[in-house]
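# Overview (structure and organization)
This is what each chain is made of:
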Amino acid sequence: MSAMLLNKEKWPEFIGKLTGKNLWAPKLEGEAMRFAPVAEDEVPELTDGNTRIPPKNIVFPQTETMYRFQLGDFEMKEPELKEEMILLGIRPCDARAMVIVDKLFSWDVDDPYYLKRRELVTLVGLACSEPGLNCFCTSLGGGPASTEGLDLLMVDLGDSYLLETITPKGEALVSEVSELLIEADTEKIKMKKKMVSESEGKIKRSVDHKGIPEGLPGLWEDPLWKSVSASCLGCGTCTYLCPTCHCFDIQDETEGFEARRCRMWDSCMFEEYTLHTSGHNPRPTRRERTRNRINHKYNYYVDKFDVIACVGCGRCINLCPVNIDIVEILRQVKEAL
Amino acid sequence: MDLEQLRKTAAEVVVREDVKYLIGWKQGSYGYRVAPVFVEDASGAAELLFSPLCTANLATYLTLVEKTPLPRGQEADKRKVALLVKGCDSRAVTQLIVEHGINRDQVIVVGCPCPGVVDTEKLAEKYPEQGKPAEVEWNGENFVLLCDDKETELPRDQFLAEKCRLCRHPNPVISDITVGEPVEPWTLADDNGVEEIEGKNLEERQAYWEEQFSKCIRCYSCRNVCPLCYCQDCILDRLNPTWVNRAVNFSENTAFNIARAFHLAGRCIECGECERVCPANIPLGKLNRKMAREVRDKYGFEPGVDPEAEPFQASFKPDDPEDFIL
Ligand code: SF4
Ligand code: SF4
Ligand code: SF4
Ligand code: SF4
Ligand code: SF4
């Protein structure tokens, strides 16, 4: 690991060196920020706050073409994934989320699409100096400067960025821009520590999850599920915008004689998610679906992969149209234990 | 608004034997959020709230009830549902009655005359949301933000929600019990809310909507929150045949958004909920408002104001204009 310093005056040059390399950065579209490709002559500004749409679609696209075929012909054409990319300004929680989701996609069978994309992407993180209102990453093993999953971490020190390399991919990126960087001295490292602890102090929400994974099965029939889900609309917001949600459906789509098999995001909050062909639905109401969302994150995933499948990014809280708040649900769960 | 009176009325309604529950608003978990609440007993009524933050249209819950098969020997709960409504929300209830989506005698409408709600996004832009829930009140002319023991007056013309700027029915058009005094309908904004779109030529419109629809993530929040999107068998969920592919791209997103706009023509009551909930900030209000303007100007029809009306899309008159038919 090395720590280098990039003076902000050199920012446009730094970006200039990366734009030819399929660089993506947060971009404001309307009022909704999401990751978008950076054009050749564009210099993105990194602002406070996380993207509204998580970067998970970079490695797990909302619609992934698995292969194409012609109707009446059995030859399948698989798309070739080979273009490397750089994701600049990903927040620590979203990088941690990828590490969590990796476990699923490399579990019983290796998922070639996901894993290939993961291999091709370099994650350049940005430590959070102004955590959002509903961030609670520190409760779940992360933090505003957590490096888990990142190749390189940038820390905003006012007039410069501190660049900490974490993996060989990060080293490689730094070596390509090395003439713009200088070695960071202990003073700067101290500044970083101060900024990080201040930032942690700004996180207002927290979840005490001790006992929750083991306790959830015992609360299966608890009345709390009905009350916390009563107003739920059963939309895709909380799951589609969650960086760790990874459910998908596979469907064939045709256009004339062209056909393709795609994998697309699905959501356990949708009614048809568990609908059987017989018409029976084992999760018939939003009560069961909400219970599943919480259990999947805070119980099943822990059981299987030994980690909570929530990184505390707060998106599901920020964007639920009816103020269903996972921190509040977990508080009630804890109370009911 | 006299909250005491609201809570007292609600408590009286909810204890009635023929009432299942009352749906209202309560303070949310932080910032400017307000959450829908299902009140089942008199004590629950103490949580109820009616303030300029109560934007949500609760009428959607009338049709969102999941009907699961009843265990053998169990009778269906046929009790009524009581509902707090603002002016716009009451239009949704009326429209549902017109369409036979609900039975008039199954709902108790508790009308809350509404002086207009705030645009919480604009509010949060100027006064960032905080962890602690804040309150906003009406003070006659304007809104007042109560936060950290501080009172800040919010000029009405700056913070009024777009849907309210164009609202013609601030007093509930239908109600069994009214809480509070009727409000004086205000002078409407002199634009029609879609001038920006109407000023564009065909190519510009195409480009505009292409950009907007490309952002859609197909979370279906807009559909699910809409009180008038309640088809049991929605065209979007159909797999056999698949009318709209699940793939997320401009073409399918457009098919979805246009299908929804057409299905709501002459039915949308302009409550603005779809636009409020869209996580991609797609200006859905413009789309639905444009359709509503067309229906009103061409056919002189306004949905959700008369429970005795015939549904627009099912009513043909020989002199209906058909100049758009090629
Ligand atoms: S975002 Fe809210 S309303 Fe939508 S499914 Fe999730 S909890 Fe329910
Ligand atoms: S469950 Fe909510 S807070 Fe947790 S990772 Fe998902 S969106 Fe973020
Ligand atoms: S949850 Fe933590 S890492 Fe994520 S945006 Fe908030 S402060 Fe940053
Ligand atoms: S709410 Fe917005 S993003 Fe979601 S489906 Fe509707 S238009 Fe698309
Ligand atoms: S389309 Fe939008 S504005 Fe119209 S009734 Fe539905 S939610 Fe309200």
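What you are looking at is a predicted structure, and each value in this text was computed from that prediction instead of being measured. (Residues numbered from 1 in each chain as written. Chains lettered and ligands numbered in written order. Predicted model: local features only at pLDDT ≥ 70, side-chain atom pairs only at ≥ 80, totals over all residues. Heavy atoms only, no water.)

### Here's the deal with the domain arrangement of chain A
Residue and element names in this part refer to chain A.
- Here the domain parsing of chain A yields domain 1 (3-58 + 71-201) and domain 2 (212-336).
- When each unit is reduced to the centre of its C-alpha atoms, the spacing between domain 1 and domain 2 is 27 Å.
- Counting from both sides, the interface comprises 27 residues of domain 1 and, opposite them, 33 residues of domain 2.
- In this assembly, domain 1 packs against domain 2 so that about 2500 Å² is buried in total across both faces, 68% of it on carbon and sulfur atoms.
- Area buried by domain 1 at its contact with domain 2 is led by Lys-56, Leu-71 and Phe-136, which between them contribute 26% of it.
- A salt bridge links Asp-94 to Arg-315, with the shortest nitrogen-to-oxygen separation between them at 2.7 Å.
- Counting every contact that joins domain 1 to domain 2 gives 13 residue pairs in polar contact (both at pLDDT 80 or more). (Domains from an automatic or database assignment. Contact = heavy atoms within 4.5 Å. Buried area = accessible area lost by both parts, 1.4 Å probe. Salt bridge = Lys/Arg side-chain N within 4 Å of Asp/Glu carboxyl O. Polar contact = N/O pair within 3.5 Å; in protein donor to acceptor, adjacent residues only side chain to side chain.)

### Observations regarding the side chain of A:Arg91
- Within the secondary structure layout, A:Arg91 lies in the loop between strand S5 (85-90) and helix H3 (92-105).
- In this structure, A:Arg91 is buried with no salt-bridge partner, the nearest side chain bearing the opposite charge being A:Asp48 at 5.1 Å. (Helix = DSSP H or I, 4+ residues; strand = E, 2+ residues; numbered from the N terminus. Buried < 20%, exposed > 50% of the residue type's maximum accessible area, 1.4 Å probe, protein only. Lys, Arg positive; Asp, Glu negative; His and termini not counted.)

### Quick word on the site of ligand 1
- Around ligand 1 lies a shell formed by A:Cys232, A:Leu233, A:Gly234, A:Cys235, A:Thr237, A:Cys238, A:Met269, A:Arg293, A:Cys320, A:Pro321, A:Val322 and A:Ile324.
- A class-by-class count of the residues in the shell around ligand 1 yields 9 nonpolar, 2 polar and 1 charged. (Near = heavy atom within 4 Å. Nonpolar A, V, L, I, M, F, W, Y, C, P; charged D, E, K, R; others polar.)

### Thoughts on helix H10 (residues 286-305) of chain A
- If you look at H10(A), its biggest bend is around 55 degrees, right at A:His296.
- A positive phi of about 65 degrees marks A:Asp306, the residue just after H10(A). (Bend = angle between axes of the 7 residues up to and from the residue.)

### Digging into the domain arrangement of chain B
Residues and elements named next belong to chain B.
- As assigned here, chain B comprises domain 1 (1-189) and domain 2 (190-310).
- Overall, the association of domain 1 and domain 2 removes approximately 2300 Å² of surface from exposure, summing both partners, and the carbon and sulfur fraction of that is 49%.
- Arg-91 is the partner of Glu-302 in a salt bridge, and the nearest nitrogen-oxygen pair spans 4.0 Å.
- Connecting domain 1 to domain 2 are 14 residue pairs in polar contact (both at pLDDT 80 or more).
- Looking at the side of domain 1 that touches domain 2, the elements that each hand over two or more residues are helix H2 (60-63), helix H3 (87-98) and helix H6 (162-165).
- Along the lines of polarity and charge, the residues of the side of domain 1 that touches domain 2 split into 12 nonpolar, 8 polar and 7 charged.

### Looking at the sheet that holds strand S8 (residues 150-154) of chain B
Residue and element names in this part refer to chain B.
- Within the open sheet, the 3 strands sit side by side as S6-S7-S8. Their pairing is antiparallel. Of all the strands in the sheet, just strand S6 (135-138) and S8 have a single pairing partner and so form its edges. Neighbour-to-neighbour, the strand axes of the sheet open up by a mean angle of 25 degrees, direction not taken into account. (Pairing = 2+ DSSP bridges. Axes fitted to C-alpha atoms, helices over the stretch in contact; angles between N-to-C directions.)

### Side note on the sheet that holds strand S3 (residues 32-37) of chain A
All names here are of chain A.
- One open sheet holds the 8 strands; their spatial order is S3-S2-S5-S6-S7-S8-S1-S9, and the pairing between them is mixed. In the strand order of this sheet, the two ends are held by S3 and strand S9 (181-183), each with one partner. Ignoring which end each strand starts from, the neighbouring axes of this sheet average 30 degrees apart.
- With 5 bridges joining them, S5 and strand S6 (residues 121-126) adopt parallel strand pairing. Pairing of Leu-88 across the sheet is with Val-124, part of S6.

### Thoughts on the packing of aromatic side chains
Residue and element names in this part refer to chain A.
- Taken as a whole and judged by the stated rule, the model has 23 aromatic pairs over all chains.
- Aromatic side chains Trp-107 and Phe-305 sit 5.8 Å apart centroid to centroid with 90 degrees between the ring planes, which places their arrangement in the edge-to-face category. Of the two residues, Trp-107 is situated in the loop between H3 and helix H4 (112-120) and Phe-305 in helix H10; the sequence distance between them amounts to 198 residues.
- Overall, the relative accessible area of 43% leaves Trp-107 in the partly exposed class.
- Ring geometry for Tyr-240 and Trp-265: centres 5.4 Å apart, planes at 65 degrees, overall edge-to-face. Here Trp-265 lies in strand S11 (residues 258-265) and Tyr-240 lies in helix H9 (residues 237-240), a separation of 25 residues in the sequence. (Phe/Tyr/Trp six-rings, centres within 6.5 Å; stacked < 30°, edge-to-face > 60°.)

### Here we look at the environment of B:Leu49
Residues and elements named next belong to chain B.
- Turning to its location among the elements, Leu-49 is positioned in strand S3 (residues 48-49).
- Along the primary structure Leu-49 and Gly-111 are separated by 62 residues, whereas in three dimensions their C-alpha atoms are 13 Å apart.
- Discounting chain neighbours no more than four positions away, the residues touching Leu-49 are Leu-3, Leu-6, Trp-25, Lys-26, Gln-27, Val-34 and Cys-54.

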